[in-house]
Amino acid sequence: MDFDIIFGNAARAAFGPEAVILALAAIGLNVHFGFTGLLNCGQVGFLLLGAYGTSVSVATFGWSLWAGVLIGLFLSLALAAALGIPTLRLNPLLFAIATIAAAEIIRILIGSTDAIGLTGGPLSVSFDAGAFYDLNPYPDGPQDRYGVGTFEFTGQQLWVITVGWALVALISLAIFLLVRSPWGRVLKSIREDEDAARSLGKNVFSYKMQALLIGGGIGGLGGVIDAIKTSGADPNGFRPQVTFFAFAALLLGGAATYLGPVLGAVLFWFLREWIESFLRQLASESWLPAAAADFLDGAEGIISVAMVGLALVLLMLFRPQGLTGNQTELHLDAR
Amino acid sequence: MPDELTPNPDSPRPVATPPANPAPPSDGTDIEPILTVPPVPGAPKPNPILVVDNLARSFGGLRAVDVDHLEVERGVVTALIGPNGAGKTTLFNLLSGFDRADSGRWSFDGRAVTAPAPDQLARQGMIRTFQLTKSLAKLTVIDNVLLGAPGQAGERLWTAPFRWRWRDQEHENTGRAEELLERFNLAHMRDELAGTLSGGQRKLLEVARALMANPVLIMLDEPMAGVNPALGQSLMRHITLLAHEGMSVVFIEHAMDVVTGISDWVVVLSQGRIIAEGPPWKIIHDDEVIDAYLGRRRAGEAR
């Protein structure tokens with residue numbers, strides 16, 4: 001059992017591009033759910049359109065990467081508008097259902113064989129993200145590695161996560177500036193009681209729409225980074241559980257806080273990778289009975305997700321406000 | 001209580017403002033016109049802020065509101081009374097746009113209300129409170145009140161991130177909000193979350209928040225329910241003062257001593273219809289009101 005490797009892998013996942021993407025998804029969800037009270041169960045749909053908007057623009061239409069990035073962001077904003085205009089005036093639960101359904105419909109359409117010519121269909125689409133890596137300031141020879149032990153990145157990876165975490169920091173700052181203002185006060189009042197907000201002259205639909213667009217756009221940016229990181233997109237990467245991973249990260253870190261979604265995303269990937277690495281190491285221990293090793297073999301990933309779920313259950317029991325949340329706020333629900 | 005219910009029918013304005021709080025000099029001159037109005041249902045008023053025509057709303061077979069004509073005078077305190085289920089709150093909901101009328105039309109502040117939207121009516125100055133208090137539990141008390149301030153630059157997405165664009169206005173609003181909290185005995189709770197307040201305090205908070213919006217017409221749905229009497233009195237005294245400054249007030253209330261104490265005009269609703277209206281000292285002797293609402297014994301006491 002080599003704990004250096006286990007911790008190295010976990011740290012690598014916690015600061016790697018996957019955590020950046022999850023953090024962006026969770027920040028967007030925090031704007032929807034944490035601050036405005038919109039139960040968006042289809043955040044993955046925004047990521048999907050961000051990723052496919054970028055990939056298809058470059059791969060299928062041959063446009064430049066930067067045009068692709070803009071199209072990816074535009075498509076995720078368009079999804080927010082298309083979802084919000086008909087459903088935000090309705091019962092909040094209908095909104096939740098509409099979001100999860102929309103995300104799945106888009107994924108199935110994009111992944112269907114009829115769409116092969118446009119999106120690659122069930123096959124993944126791939127493109128050349130060279131325009132992004134051309135800007136990479138880190139030496140990126142075959143021997144160049146940054147980090148210690150298994151916590152190391154290639155120059156290209158380091159460039160992706162540098163840009164990624166810088167965006168996370170910038171967006172978190174922007175959200176902080178927005179939410180501490182009177183504008184943020186209106187969002188929270190809508191979360192608490194939208195009729196009260198209406199009775200004081202606030203246009204609730206307009207504020208919900210603004211929140212939906214902002215959070216959806218941030219999710220879309222996560223998708224764009226996903227596309228650049230993998231130089232492509234695959235429909236299987238955008239299953240509904242991505243939304244729930246984002247919820248898990250948000251609740252772990254603390255909803256309606258500024259740093260909660262970021263901390264949560266880092267912790268989510270750290271735990272997930274730590275447990276998976278641990279189990280993989282465990283499976284190769286000679287003292288383990290053969291039956292147990294057989295059971296573990298290949299199931300490490302599934303078990304680690306289940307363990308993260310368990311951690312979430314324990315967190316809800318013992319620290320339901322999340323890591324950074326405020327204890328007193330939570331108890332106010334018991335009115 | 002009985003002696004407060006015994007107004008002298010000759011006095012023009014019974015128990016209006018307690019002596020501790022001298023009425024502004026304008027008192028008497030701007031209240032006078034309402035006294036010339038005949039006390040009959042649907043009576044036209046000299047300077048109405050709200051004019052309602054043929055307003056109806058049914059729930060299934062129940063006709064909850066069925067008002068032929070109602071005018072609410074500007075700058076006075078109007079009480080809306082009636083038995084439980086008379087349609088008082090439904091009438092509030094219709095007028096403020098929180099419920100859709102089956103038929104009827106009304107105008108507010110001289111403008112016909114064609115497509116009633118609650119937020120739009122509120123921005124025009126019609127601010128209502130709710131019978132079941134809507135305090136925003138996870139906002140602080142001061143934030144609850146600040147939310148009421150109208151025309152905030154910082155509530156626009158494009159200005160919100162730039163603090164210097166709204167700091168001065170926020171500062172001004174905070175000063176006003178603190179004054180209101182002081183007046184309603186909530187100043188010590190300023191930075192607590194509203195969810196930690198008691199029921200009566202939430203009621204006061206909601207009224208403070210509504211007043212923060214600088215209403216032209218404030219509609220209070222049982223503002224005194226659960227508020228301790230002394231504080232309730234100070235609340236109502238404050239509201240009468242505001243009425244003297246030109247704000248119009250409509251409030252729903254069951255306690256008759258409050259109604260006779262501070263209202264200039266009383267509208268009685270029963271089974272959705274207006275069965276009587278008039279100055280309080282006349283209303284409490286109205287036979288139909290006694291039968292429908294006050295009851296013989298109570299009215300006997302009042303006599």
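In this text, all values refer to a predicted model and were calculated from it rather than measured experimentally. (Residues numbered from 1 in each chain as written. Chains lettered and ligands numbered in written order. Predicted model: local features only at pLDDT ≥ 70, side-chain atom pairs only at ≥ 80, totals over all residues. Heavy atoms only, no water.)

## Details of the overall build of chain A
When helices and strands are tallied, chain A shows 16 helices and four strands. Against the compact-globule benchmark of 20 Å for 335 residues, chain A has a radius of gyration of 21 Å, which places it among compact chains. With the C-alpha coordinates of chain A rotated into their principal frame, the extents come out at 70 × 50 × 40 Å. Put simply, 75% of the contacts in chain A that link residues at least 6 apart link residues at least 24 apart. Carbon and sulfur atoms provide 68% of the accessible area of chain A, an area that totals close to 14200 Å². (Helix = DSSP H or I, 4+ residues; strand = E, 2+ residues; numbered from the N terminus. Rg over C-alpha atoms; globule rule 2.2 N^0.38 Å. Contact = heavy atoms within 4.5 Å. Areas by Shrake-Rupley, 256 points an atom, 1.4 Å probe, with all protein chains shown as cover.)

## With respect to the overall build of chain B
Looking only at helices and strands, chain B features eleven helices and ten strands. Surface accessibility of chain B: about 12800 Å² in total, with carbon and sulfur atoms responsible for 51%.

## Some remarks on the environment of Leu-157 of chain B
Positionally, Leu-157 of chain B belongs in the loop between α4 (141-147) and α5 (167-183). For Leu-157 of chain B, a relative accessible area of 18% puts it in the buried group. Once the C-alpha coordinates of Leu-157 of chain B and Gln-131 of chain B are considered, the two residues, 26 residues apart in sequence, prove to be 32 Å apart. Other than its neighbours up to four places away in sequence, Leu-157 of chain B contacts Leu-178, Trp-183, Gln-210 and Ile-214 of chain A. (Buried < 20%, exposed > 50% of the residue type's maximum accessible area, 1.4 Å probe, protein only.)

## Points about unusual backbone geometry
Although it is not a glycine, Ser-231 of chain A sits at a positive phi angle of roughly 50°. Residues other than glycine seldom take positive phi values, yet Asp-109 of chain B does so here, at roughly 55°. Assignment of secondary structure puts Asp-109 of chain B in the loop between β4 (103-108) and β5 (111-113).

## Quick word on the sheet that holds strand β3 (residues 77-81) of chain B
Residues and elements named next belong to chain B. In spatial order, the strands read β6-β7-β8-β3-β9-β10; together these six strands make up an open sheet with mixed pairing. Since the sheet does not close on itself, it has two edges, and those belong to β6 (126-128) and β10 (273-278), each with one partner. Neighbour to neighbour, the strand axes of the sheet diverge by 15° on average, direction disregarded. Here five bridges tie strand β7 (residues 217-221) to strand β8 (residues 248-252), and the two strands are oriented parallel to one another. Note on β8: the bridge partner recorded for Leu-220 is Phe-251. Those strands touched by helix α7 (residues 229-244) are β3, β7 and β8, and its axis lies near 145° from that of β8. (Pairing = 2+ DSSP bridges. Axes fitted to C-alpha atoms, helices over the stretch in contact; angles between N-to-C directions.)

## Overview of the pattern of salt bridges
Residue and element names in this part refer to chain A. Scanning the model with the defined rule gives 25 salt bridges over all chains in all. Residue Arg-107 is joined to Glu-104 by a salt bridge in which the shortest nitrogen-to-oxygen separation is 2.8 Å. Of this pair, Arg-107 and Glu-104 are both found in helix α5 (residues 92-110), three residues apart, which corresponds to roughly one turn of the helix. Where salt bridges share partners, they join Glu-194, Asp-195, Arg-198 and Lys-208 into one cluster. (Salt bridge = Lys/Arg side-chain N within 4 Å of Asp/Glu carboxyl O.)

## As for helix α15 (residues 300-318) of chain A
Residues and elements named next belong to chain A. Taking 1.5 Å per residue, 19 residues should reach 27 Å; α15 reaches 26 Å between its end C-alpha atoms and fits that length. What α15 keeps buried is the set Glu-300, Ser-304, Val-308, Leu-312 and Leu-315. Projected down its long axis, α15 carries its buried residues within an arc of 130°, all on one side. Turned more than 90 degrees off the buried face of α15, the exposed positions are Ile-302 and Leu-317. The elements touched by buried residues of α15 are α12 (241-253), α13 (260-283) and α14 (290-296). (Expected span 1.5 Å × (residues − 1). Arc of directions from axis to C-beta.)

## Quick word on the interface of chain A and chain B
The interface of chain A with chain B comprises 29 residues on the first partner and 35 residues on the second. Carbon and sulfur atoms supply 64% of the area buried between chain A and chain B, which totals about 2900 Å² over both sides. Counting across the interface, chain A meets chain B through four salt bridges. Across the salt bridge formed by Asp-193 of chain A and Lys-134 of chain B, the nearest N and O atoms sit 3.5 Å from each other. Counting every contact that joins chain A to chain B gives ten residue pairs in polar contact (both at pLDDT 80 or more). Going through the elements one at a time, α8 (155-179), α9 (182-192), α10 (194-199), α11 (204-230) and α16 (327-331) of chain A are the ones with two or more residues in the side of chain A that touches chain B. A per-element tally of the side of chain A that touches chain B places α9 of chain A first, with eight residues. In terms of residue class, the side of chain A that touches chain B is built from ten nonpolar, seven polar and twelve charged. (Buried area = accessible area lost by both parts, 1.4 Å probe. Polar contact = N/O pair within 3.5 Å; in protein donor to acceptor, adjacent residues only side chain to side chain. Nonpolar A, V, L, I, M, F, W, Y, C, P; charged D, E, K, R; others polar.)

## Description of helix α6 (residues 199-212) of chain B
Between its first and last C-alpha, α6 of chain B extends 20 Å over 14 residues, near the 20 Å set by a 1.5 Å rise per residue. By the burial criterion, the buried members of α6 of chain B are Gly-200, Arg-202, Lys-203, Leu-204, Leu-205, Glu-206, Val-207, Ala-208, Arg-209, Ala-210, Leu-211 and Met-212 of chain B. Looking at the buried positions of α6 of chain B, the neighbouring elements they touch are α10 of chain A together with β6, α4, α5, β7 and α7 of chain B. Once α6 of chain B ends, the next one or two residues include Asn-214 of chain B, with phi positive near 50°.

## Observations regarding the domain arrangement of chain B
All names here are of chain B. Assigned domains within chain B: domain 1 (39-135 + 214-303) and domain 2 (136-196). Every contact between the two is made by seven residues of domain 1 and, on the other side, ten residues of domain 2. For the domain 1 and domain 2 pair, buried surface summed over both sides reaches about 660 Å², with 56% attributable to carbon and sulfur atoms. Counting the surface domain 1 buries against domain 2, the share from its top three residues, Ser-135, Asn-214 and His-238, is 67%. Where domain 1 meets domain 2, there are zero salt bridges. The class makeup of the residues in the side of domain 1 that touches domain 2 is two nonpolar, four polar and one charged. (Domains from an automatic or database assignment.)

## Some details on the sheet that holds β5 of chain B
Residue and element names in this part refer to chain B. Pairing in this open sheet of four strands is antiparallel, and the strands run β2-β1-β4-β5 from one edge to the other. Of all strands in the sheet, those with a lone pairing partner are β2 (62-73) and β5, marking the two edges. Looking at each pair of strands side by side, their axes are set apart by 20° on average, direction ignored. As paired strands, strand β1 (residues 48-59) and β4 are joined by five bridges and run antiparallel to one another. The partner of Ala-56 across the bridge, within β4, is Ser-103. Along the sheet face, helix α2 (residues 88-95) touches β1, β2 and β4 and points at about 115° away from the line of β1.

## So, the packing of aromatic side chains
Residues and elements named next belong to chain A. Taken as a whole and judged by the stated rule, the model has 20 aromatic pairs over all chains. Both rings, one in Phe-245 and one in Phe-268, keep their centres 5.1 Å apart while their planes meet at 50°; by these two values the pair is tilted. A residue pair is termed long-range when its members are at least 10 positions apart, and Phe-245 in helix α12 and Phe-268 in helix α13 qualify at 23 residues. Here Phe-245 falls in the partly exposed class, since its relative accessible area comes to 21%. Since its relative accessible area comes to 2%, Phe-268 is described here as buried. Here the aromatic rings of Phe-268 and Trp-269 are separated by 6.0 Å at their centres, their planes lie at 80°, and the arrangement is edge-to-face. Under the relative-accessibility criterion, Trp-269 is labelled buried at 14%. One aromatic cluster is present, built from ring pairs that chain together Phe-3, Phe-7, Phe-270, Trp-274 and Phe-278. (Phe/Tyr/Trp six-rings, centres within 6.5 Å; stacked < 30°, edge-to-face > 60°.)

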